[in-house]
Amino acid sequence: MTSVNTVSGNINENTPVITNSIAKLGVSFVFASIGYFISLAAGGEATFASWLHAPFLGPAIFGGIYYIFWIVLAKELCGRYYGIVVSLLLASFYLLEGPWFSIVVPTWYSIIGIISALIMGYLTERFNGAVGLAVFMIINWICYYTIAVYPHWSSYYTLSGVIIAFILSIISGFVGDYVARYIAKYIKSYYFSKQNISA
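For clarity, every value in this text was computed on a predicted model and none was experimentally measured.

Asks: If you had to explain the nonpolar core to someone new, which residues and values would you point to?
Replies: If you look at the biggest cluster of nonpolar residues, it comprises 49 residues, and the most contacted ones within it are F31, Y67, L73, V86 and Y109. Elements that contribute at least two residues to this core include exactly α1 (21-42), α3 (57-78), α4 (82-97), α5 (111-126), α6 (129-146) and α7 (159-198). It is α3 that contributes the most residues to this core, 15 residues altogether.

Next up, the structure:
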């Protein structure tokens, strides 16, 4: 079993740093807020749209930073299921801003946002961020293509663009997951070392 090293030995890597339930919810809210505002501030999707013809490029390319990093960090620091809480909070923030990906027909389309975020959070916790983000993108692309009335799947989008965006989503999810786990391991090692010293 993998562990985090401390001055007095090893601890289980699944041991959360934050144990208070209210604090866990607070941290989850902060993480989701940071991810949300980073996505608003980034605005890098248009840079790639000229050569990569696929819908929802922002989440595909930068989802590792927007979503996965914060989902994994919450799960590692707060415990199981708090990554899912972060993913649902992220979706909620986007839905407060407007309909899911600005799709208004059918009127219930925004439910796709909640479902895809829930699945992303679960798969990221269960497997890793590469799987979580990739499946998130697949769900949204399929629903966009089959359910959305406006905007419709444009002839501007190409199969090669979607494939490249899909591969980039796997890479982005993997990087976000890896970096979050590395940072969480460092935080846990530091925290539990301090706990042992003070004890």
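Asks: Break down the environment of A23 for me, citing the residues and quoting the values.
Replies: Position of A23 among the secondary structure elements: in helix α1. The spatial distance from the C-alpha of A23 to the C-alpha of C78 is 8.7 Å, given a sequence separation of 55 residues.

Asks: Which residues make up the pattern of salt bridges, and what values go with them?
Replies: Scanning the model with the defined rule gives 4 salt bridges in all. Between R181 and E76 there is a salt bridge, with the nearest N and O atoms lying 3.0 Å from each other. Residue R181 is found in helix α7, and its partner E76 is found in helix α3; the two are separated by 105 residues along the sequence. Judged by relative accessible area, E76 falls into the buried class, the value being 8%.

Asks: Can you break down empty space enclosed by the protein residue by residue, with the values?
Replies: This model, assessed by the stated rule, comprises 1 cavity of 30 Å³ or more. Here the largest cavity is characterised by a volume of approximately 40 Å³. Along its surface, the largest cavity is lined by Y67, S87, L90, A91, Y94, W100, A117, M120 and F136. The dominant element in the lining of the largest cavity, judged by the number of residues it contributes, is α4, at 4 residues.

Asks: Break down the environment of I103 for me, with residues and values.
Replies: Assignment of secondary structure puts I103 in the loop between α4 and α5. Distance in space between the C-alpha atoms of I103 and Y150 is 6.2 Å, their sequence separation being 47 residues.

Asks: Talk me through the packing of α5 against α6; I want residue IDs and the actual numbers.
Replies: Two numbers describe a pair of packed helices, the interaxial angle and the distance between the axes. Axis separation between α5 and α6 bottoms out at 7 Å; the angle between their running directions is 160°. Compared by their axis directions, α5 and α6 come out roughly antiparallel. Crossing hand, α5 versus α6: right-handed. Every residue of α6 that contacts α5 at I112, S116, A117, I119, M120, L123 and T124 is listed here: G129, V131, G132, L133, V135, F136, I139, N140 and C143. Residue classes in the contact of α5 with α6 are distributed as 11 nonpolar, 5 polar and no charged.

Asks: Can you tell me about the environment of N140, naming the residues and giving the values?
Replies: Note that N140 resides in helix α6. For N140 and F101, which are 39 residues apart along the polypeptide, the C-alpha to C-alpha distance reads 9.4 Å. Setting aside chain neighbours within four positions, we find N140 in contact with F56, W100, F101, Y109, I112 and S116. There is a polar contact of 2.6 Å between the side chain of N140 and the side chain of W100.

Thresholds applied
Residues numbered from 1 in each chain as written. Predicted model: local features only at pLDDT ≥ 70, side-chain atom pairs only at ≥ 80, totals over all residues. Heavy atoms only, no water. Core = buried A, V, L, I, M, F, W, Y, C linked by side-chain atoms within 4.5 Å. Buried < 20%, exposed > 50% of the residue type's maximum accessible area, 1.4 Å probe, protein only. Helix = DSSP H or I, 4+ residues; strand = E, 2+ residues; numbered from the N terminus. Salt bridge = Lys/Arg side-chain N within 4 Å of Asp/Glu carboxyl O. 1 Å grid on protein atoms, 1.4 Å probe; cavity = no way out; pocket = protein on both sides within 12 Å on 5 of 7 lines; lining within 4 Å. Points joined across faces, edges and corners; volume = space filled by probe spheres on them. Axes fitted to C-alpha atoms, helices over the stretch in contact; angles between N-to-C directions. Parallel < 35°, antiparallel > 145°, perpendicular 65-115°, else oblique. Left-handed = near helix turned anticlockwise from the far one by under 90°. Contact = heavy atoms within 4.5 Å. Nonpolar A, V, L, I, M, F, W, Y, C, P; charged D, E, K, R; others polar. Polar contact = N/O pair within 3.5 Å; in protein donor to acceptor, adjacent residues only side chain to side chain.

The quantities given are spatial measurements derived from coordinates; they are silent on function.
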